[in-house]
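Read off the chains here:
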Amino acid sequence: MKREAFEHWMQGYLACWRSNDAEEIGALFSEDCRYYTQAFREPWTSRERLVAGWLERADWQGEWDFEYRWVAVDGATSVLEGVTTYHTQGTQYYNVWFITLNETGECTEFKEAWVQKPEEES
């Protein structure tokens, strides 16, 4: 799979992150997708659960920015690193995402690992 397919999916993901539209979110993922919200958490294991979990967090997120770069593409899986800034909370997170797509461009597995930026020391 080419990087362009992952970038196309990522643009859809970012649009959903902004809109929080349940149908658009669901369209990005396969019915049996596994979505890991952190490395050692149990994954959301269906499209329905994934959409519900996503929407449960929508209000908390408020205003945000996400900057990223692709690190690798290997077959159906890609890796990106990014920085999420949640302006409402005044927090930043460093992220590593593993994204696996099927032949129709739906995500079958999404894994994220993140760490919050420490507060500045005085």
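For the structure, see preceding data.
Chains are numbered independently. Their residues run from 1 in the order of the written sequence. A pLDDT threshold of at least 70 governs which residues receive local features in this predicted model, and a stricter bar of 80 or more applies before side-chain atom pairs are shown or counted, although totals over entire chains, interfaces and linings include all residues. Hydrogen atoms and water are omitted, and side-chain values are computed over all heavy atoms in the structure.

> A description of the sheet that holds strand β5 (residues 107–116) should follow, citing residues and the corresponding values.
Adjacent strands of a sheet form backbone hydrogen bonds with each other and so pair up, either parallel or antiparallel. By this definition, two strands are paired if DSSP reports at least two bridges between them. Numbering of helices and strands starts at the N terminus; helices are DSSP runs of H or I of at least 4 residues and strands are runs of E of at least 2. Spatial ordering of the open sheet is given by β1-β5-β4-β3-β2, a layout of five strands whose pairing is mixed. The open sheet is flanked by β1 (29–36) and β2 (64–74), the only strands paired with a single partner. Between one strand axis and the next, the sheet turns by 20° as a mean value, whatever way the strands run. Should any heavy atoms of two residues lie within 4.5 Å, those residues are considered in contact. Fitted lines through C-alpha atoms give the axes, limited to the stretch in contact for helices. The angle between two N-to-C directions lies from 0 to 180 degrees. The strands touched by helix α1 (residues 3–19) are β1, β2, β3 (77–86), β4 (91–101) and β5; relative to β2, the strand with the most contacts, the crossing angle is about 160°. In the packing of helix α3 (residues 47–61) onto the sheet, contacts are made with β1, β3 and β4, and the angle to β1 comes to roughly 50°.

> For the side chain of Thr-100, give the residues involved together with the corresponding values.
Relative to the helices and strands, Thr-100 is located in strand β4. Discounting chain neighbours no more than four positions away, the residues touching Thr-100 are Ala-76, Thr-77, Glu-106, Cys-107, Thr-108 and Glu-109.

> Which residues make up the pattern of salt bridges, and what are the values?
Should a side-chain nitrogen of Lys or Arg be within 4 Å of a carboxyl oxygen of Asp or Glu, the pair is scored as a salt bridge. By the definition in use, this model includes six salt bridges. Linking Glu-109 and Arg-34 is a salt bridge whose minimum nitrogen-to-oxygen distance equals 2.6 Å. Remark: Arg-34 occurs in strand β1 and Glu-109 occurs in strand β5; sequence separation between them is 75 residues. Ionic pairing is found between Glu-109 and Lys-111, a salt bridge with its closest N-O pair at 3.7 Å. Residue classification places Glu-109 among the buried positions, given a relative accessible area of 15%. Of the residues examined, Lys-111 reaches a relative accessible area of 34% and is grouped as partly exposed. For every residue, the accessible area obtained with a 1.4 Å probe (protein chains only) is divided by the maximum for its type, and the residue is called buried under 20%, exposed over 50%, and partly exposed between those limits.

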